[in-house]
Amino acid sequence: MIGFTTVPAFGEDDAEKPKHTTKEVMKKALKGPLLKKVAGGDASDEEKKELYELLVALGKNTPKKGEADSWKTLTSALEKASKAAVNGEADAGEKLTKAANCKACHDVHK
């Protein structure tokens, strides 16, 4: 007898699902000390990687409201800035501070 396996529908595999909810990312990365610590240059390599992982997950989440293109633009800026920190770029802190403009995102997506 031939066995059948279930194949996930398009966009449903684990690689596509965010590892963290928007609420988790806000609490751990943006409201908590992690982003400030990384932007200030006081974070360990592990903390930089954690921030990057959280911000990648944020971009994979769906916003409460607003256009998907706007969400992609704003979260991509955060992701790129955190990647710069992981890579040790000198201006990473400045990039993170600029990209983490709460009002810019909340006005259109919360």
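First, a word on scope: everything that follows refers to the structure included in this document.

What counts and how
All residue numbers here refer to positions counted from 1 along the written sequence of the relevant chain. Local features are withheld for residues below a pLDDT of 70 in this predicted model, meaning they are given only at 70 or higher, and side-chain atom pairs are given and counted only at 80 or more; totals for whole chains, interfaces and linings count all residues. To obtain the side-chain values, all non-hydrogen atoms of the structure were used and water was disregarded. Counting from the N terminus, the helices are the DSSP runs of H or I reaching at least four residues and the strands are the DSSP runs of E reaching at least two. Using a 1.4 Å probe on the protein chains alone, a residue whose accessible area is under 20% of its type maximum counts as buried, one over 50% counts as exposed, and one in between counts as partly exposed. Any two residues whose heavy atoms approach within 4.5 Å at even a single point are treated as in contact. Each accessible area is a Shrake-Rupley estimate made with a 1.4 Å probe; only the visible protein chains count as cover when residues are assessed. Grouping buried Ala, Val, Leu, Ile, Met, Phe, Trp, Tyr and Cys residues that are joined through side-chain atoms within 4.5 Å yields what is termed a nonpolar core. Pairing of aromatic rings covers Phe, Tyr and Trp, the last counted by its six-membered ring, and requires centre-to-centre distances within 6.5 Å; plane angles under 30 degrees mean stacked, over 60 mean edge-to-face, and any other angle means tilted. Over a ring means this: the NZ of a Lys or the CZ of an Arg is within 6 Å of the ring centre and within 35 degrees of the ring normal. Multiply 1.5 Å by the residue count of a helix minus one, and that product is the helix's expected span.

## Some remarks on the overall build of the protein chain
Thinking step 1. Within the protein chain, the secondary structure is distributed over six helices and zero strands.
Thinking step 2. The buried share of the protein chain, taken over its 110 residues, is 30%.
Thinking step 3. Here the analysis covers contacts within the protein chain between residues at least 6 apart in sequence; of these, 60% occur between residues at least 24 apart.
Thinking step 4. Of the roughly 7,800 Å² that the protein chain leaves accessible, carbon and sulfur atoms contribute 54%.

## Describing the nonpolar core
Thinking step 1. Judged by nonpolar contacts, the single largest core of 21 residues is most densely connected at Val25, Ala29, Val38, Leu51, Leu55, Leu58 and Leu96.
Thinking step 2. When residues of this core are traced back to their parent elements, those giving at least two are α1 (22–30), α2 (34–39), α3 (45–60), α4 (68–86) and α5 (92–99).
Thinking step 3. Here this core takes five residues from α4, the largest share from any one element.
Thinking step 4. Those residues within four positions of leucine 96 in sequence are excluded, and the remaining contacts are Leu35, Val38, Ala39, Leu51, Leu78, Ala81, Ser82 and Ala85.

## Let's talk about the packing of aromatic side chains
Thinking step 1. For the structure on display, the rule yields zero aromatic pairs.
Thinking step 2. Positioned above the aromatic ring of tyrosine 52, the side-chain terminus of lysine 83 is 5.0 Å from the ring centre.

## So, α3
Thinking step 1. Look at α3: 23 Å from first C-alpha to last across 16 residues, which is about the 22 Å you get at 1.5 Å a residue.
Thinking step 2. Buried within α3 are the following residues: Lys48, Leu51, Leu54, Leu55, Val56, Ala57 and Leu58.
Thinking step 3. If you follow the buried residues of α3, they end up packed against α1, α2, α4 and α5.

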